[in-house]
Structures are given as structure tokens and as C-alpha cells.
Amino acid sequence: MYDRIWTGFDLWRSLLAVSPDKADRTSDFFFGKTAAKCGGKITEKTDCGRGNSVAPGDFDQYRDSMSDAVGGREDPSWCYQILAARSLSVESKKVYHALKTQDVEGARKAVSMIVGRDTKSLTEEGIAKAAVETVAENTSDGVTAPLMFLMLGGAPLGFLYKAVNTMDSMLGYKNEKNLYFGRVAAKMDDVFNYLPSRVSAVLMIAAAFLTGMDAKKAAQIYKRDRRKHASPNSAQTESVCAGALQVQLAGDAWYFGVLHKKETIGDPIRPVEAEDIKRAGRLMYVTAVLTLLFAGMIRFWYFW
């Protein structure tokens, strides 16, 4: 029941920032029998003769009452926090604007908020590359993968995925402090993201085509470089992004004062520039929309 409440409203709205009434109008199509309208009202079930109903404008009151029915006061809008599309866009644009105003120190500080590597010695190109990489990788980790888990198992499964992914981000480092304890989180994250990362990569190739980027190169680099990472999942969407933008990503990086040797992803057809941050963000959003459509069609087919 819990996912019936939020999927058609909070999820659509959190991804695309549309108004509540637009989210409500579109939810029925994308999520099948999750919320049926009967005579201008929203009902719990598709049978218009049963279930509690409220006027569309009172949706907040309705979802709060449904939350009580399942034993908690949790606001389903908490699911906003699981999907990072808007946050990734906002934070990466801070890096972009700092670079465009020649504020290198400000750009280093801004990018340090969204990457785990050391940023004090990064050049302008290194800063832009780090921002593009984190947007590309987190398109799966922070947007499409949690969206798939939310669609599959509602808020409980979505928060379980987010807990695993956050533990990996905070603890999954190969240093003396976290090597053994963090390894558990890292391996769990590998398992949870194995399938979503690959679906996301395919959808990102389609997004590259729709946004006028180099989809052919994206598919080529994905096929060649998708395994060039210590994690089995991280290079999936990153390789697609590198190909779509015609740049080279990854490579050696410093973490906690230690140099980590890494393979490069993509071909250095041109250097990474600040504008690539915005391009990566556009790619992320279109991939997120395609994921929503893809998941919506699966649900529609399942409930048909």
C-alpha cells in the first residue's frame, strides 16, 4: 500500500519538479492501478465503489491518513531524499559557475562536496573532470537505481538501497581504518547495483541519442571500457558518458594523500571543459526520465 501512495505523486514530482496536480494527472498512466480517479476524486483502489477518497487538492491529507493506516506517521515525501537528480544538478552547477568565473579555489571547494578524492591540487580540467565523473556515476547510484528499487518495493526497499549505497560512499575505502568494515558495505553495494547500473547504461545511450550527443561513440566506449574500474558497476554509466561527450574520464587520483592508479575511460578526443558538467547533467535528467518511462511501462504491462 505504501508505494501506492507516493509513486504517482512524490516520485514523479521529485524527478521533474512538476506541480502536484500535474504529477497527479500523469501518475495513473505510468503506475497502472496505483491510484484511480473516480468522479474527480482519488481512491485507494481501482474499484470506484470502495476505498477512502478525497478531493485532489487534499492529497497531502489523504497520504498522511494512508500512512497512519500502515502503522507510521512517515511522510512519503521523504522519498525525495532518495532521488538525487536535483541535488546532483545543483551541486555540479556550483562547480560549473565557479569555473566560468575563474574562481579555481571556489571550484575546488565546490567539487570537494560531491567527490571523495583530494581536490586541493586539481587543475581546472581536473575539477571539471571530477564533476563530470560524479554526475555520470551517480546517475545510476543516486537516481536511476534508487528509482528502480522504489518502483519494485516502495519506500522500504528504496530506503534499504539508499542505506547500503550511503554506507559504501562513507565507508567503502581501501584504507587502514575502513578496509575490513567498509568491505562489507562495498560488496553489498556491488550486489544491489549490479543490474540497475547496466540498465542505466543502456538507457543513457538512448539519452545520448535524444540529446544530440554521440550515441554511437557512447555505445562503443561502453562496450570497451565498462569493466575498467575496481567496482563492477561504477564504469557502466561513466563509460557511456565519456563516449557521449567524446572525452576521457577516470585515471589516477589521490585519496587521503595516497595516489591510486586507475585505468582511463574513453578516448581523449578533446579536453574536458566546464560545459561538459552541464552536458552530463542534461544526460542524467534524460536518463532519469527514460527510467521512469521504462519502469512505468513495465508496471502498466504487469497490471494490464
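Residues numbered from 1 in each chain as written. Predicted model: local features only at pLDDT ≥ 70, side-chain atom pairs only at ≥ 80, totals over all residues. Heavy atoms only, no water.

### Some details on the overall build of the protein
So, point 1. A tally of helices and strands in the protein yields 10 helices and seven strands.
So, point 2. Long-range contacts, defined here as pairs at least 24 residues apart, represent 62% of the contacts in the protein between residues at least 6 apart.
So, point 3. When the accessible area of the protein is evaluated, it comes to approximately 15,100 Å², of which 58% is carbon and sulfur surface. (Helix = DSSP H or I, 4+ residues; strand = E, 2+ residues; numbered from the N terminus. Contact = heavy atoms within 4.5 Å. Areas by Shrake-Rupley, 256 points an atom, 1.4 Å probe, with all protein chains shown as cover.)

### Brief notes about the side chain of Thr-119
So, point 1. Along the chain, Thr-119 turns up in the loop between helix 5 (104–112) and helix 6 (124–171).
So, point 2. Of the residues examined, Thr-119 reaches a relative accessible area of 9% and is grouped as buried.
So, point 3. Among the polar contacts listed, one links the side chain of Thr-119 to the backbone oxygen of Arg-108, at a separation of 3.4 Å.
So, point 4. When residues no more than four places from it in sequence are discounted, the contact partners of Thr-119 are Arg-108, Val-111 and Ser-112. (Buried < 20%, exposed > 50% of the residue type's maximum accessible area, 1.4 Å probe, protein only. Polar contact = N/O pair within 3.5 Å; in protein donor to acceptor, adjacent residues only side chain to side chain.)

### So, the confidence of the model for the protein
So, point 1. Across the protein, the average pLDDT comes to 76, with 70% of residues at or above 70.
So, point 2. Here strand 2 (residues 41–43) stands out as the least confident element of the protein, with mean pLDDT 33; helix 8 (residues 215–225) is the most confident, with 95.
So, point 3. Considering only residues more than four positions removed or in separate chains, one finds that residues 62–75, a stretch of pLDDT under 50, has 25 contacts. (pLDDT = per-residue confidence, 0-100.)

### Brief notes about the packing of helix 4 (residues 85–100) against helix 6
So, point 1. Packing of helix 4 against helix 6 brings their axes to within 10 Å, and their N-to-C directions diverge by 175°. What the angle tells us is that helix 4 and helix 6 run roughly antiparallel. For the pair helix 4 and helix 6, contact is made by Ala-85, Leu-88, Ser-92, Val-95 and Leu-99 and by Glu-124, Ile-127, Ala-128, Ala-131, Thr-134, Val-135, Asn-138, Thr-139 and Val-143, respectively.
So, point 2. For the contact of helix 4 with helix 6, the class distribution of residues is nine nonpolar, four polar and one charged. (Axes fitted to C-alpha atoms, helices over the stretch in contact; angles between N-to-C directions. Parallel < 35°, antiparallel > 145°, perpendicular 65-115°, else oblique. Nonpolar A, V, L, I, M, F, W, Y, C, P; charged D, E, K, R; others polar.)

### Topic: the nonpolar core
Considering soluble globular proteins, one finds that nonpolar side chains tend to be buried as a cluster.
So, point 1. The biggest cluster of nonpolar side chains holds 49 residues, and the ones touching the most others in it are Val-95, Leu-99, Val-111, Val-132, Cys-241, Ile-277 and Leu-283.
So, point 2. Looking at this core, the elements with two or more residues in it are helix 4, helix 5, helix 6, helix 7 (179–210), helix 8, helix 9 (234–245), strand 4 (249–250) and helix 10 (275–303).
So, point 3. Ranked by residue count, the leading element in this core is helix 6, at eight residues.
So, point 4. Once residues within four sequence positions are removed from consideration, Val-132 is found in contact with Cys-241, Leu-245, Leu-249, Val-272, Asp-276, Ile-277 and Ala-280.
So, point 5. Counting nine residues, the second-largest nonpolar core is a separate cluster that includes Ile-82, Leu-83, Met-151 and Ala-295. (Core = buried A, V, L, I, M, F, W, Y, C linked by side-chain atoms within 4.5 Å.)

### Quick notes on the layout of surface pockets
So, point 1. Within this model, the second largest pocket holds a volume of roughly 370 Å³.
So, point 2. Along the wall of the second largest pocket there are 15 residues; nearest its centre are Met-148, Phe-149, Met-151, Leu-152 and Ile-298.
So, point 3. Counting residues per element, the lining of the second largest pocket draws most heavily on helix 7, at six residues.
So, point 4. Taken together, the residues that form the lining of the second largest pocket break down as 14 nonpolar, no polar and one charged. (1 Å grid on protein atoms, 1.4 Å probe; cavity = no way out; pocket = protein on both sides within 12 Å on 5 of 7 lines; lining within 4 Å. Points joined across faces, edges and corners; volume = space filled by probe spheres on them.)

### Some remarks on the pattern of salt bridges
So, point 1. In total, this model carries 12 salt bridges according to the counting rule given.
So, point 2. Its salt-bridge partner being Glu-91, residue Lys-94 comes within 3.2 Å of it at the nearest N-O pair. Placement of both Lys-94 and Glu-91 in helix 4 is noted, with a separation of three residues, approximately one turn of the helix.
So, point 3. On the basis of relative accessible area, Lys-94 is assigned to the partly exposed category, the value being 44%.
So, point 4. Owing to a relative accessible area of 24%, Glu-91 belongs among the partly exposed residues under this scheme.
So, point 5. In this structure, Asp-225 and Arg-224 form a salt bridge, with 2.8 Å as the shortest nitrogen-oxygen distance. (Salt bridge = Lys/Arg side-chain N within 4 Å of Asp/Glu carboxyl O.)

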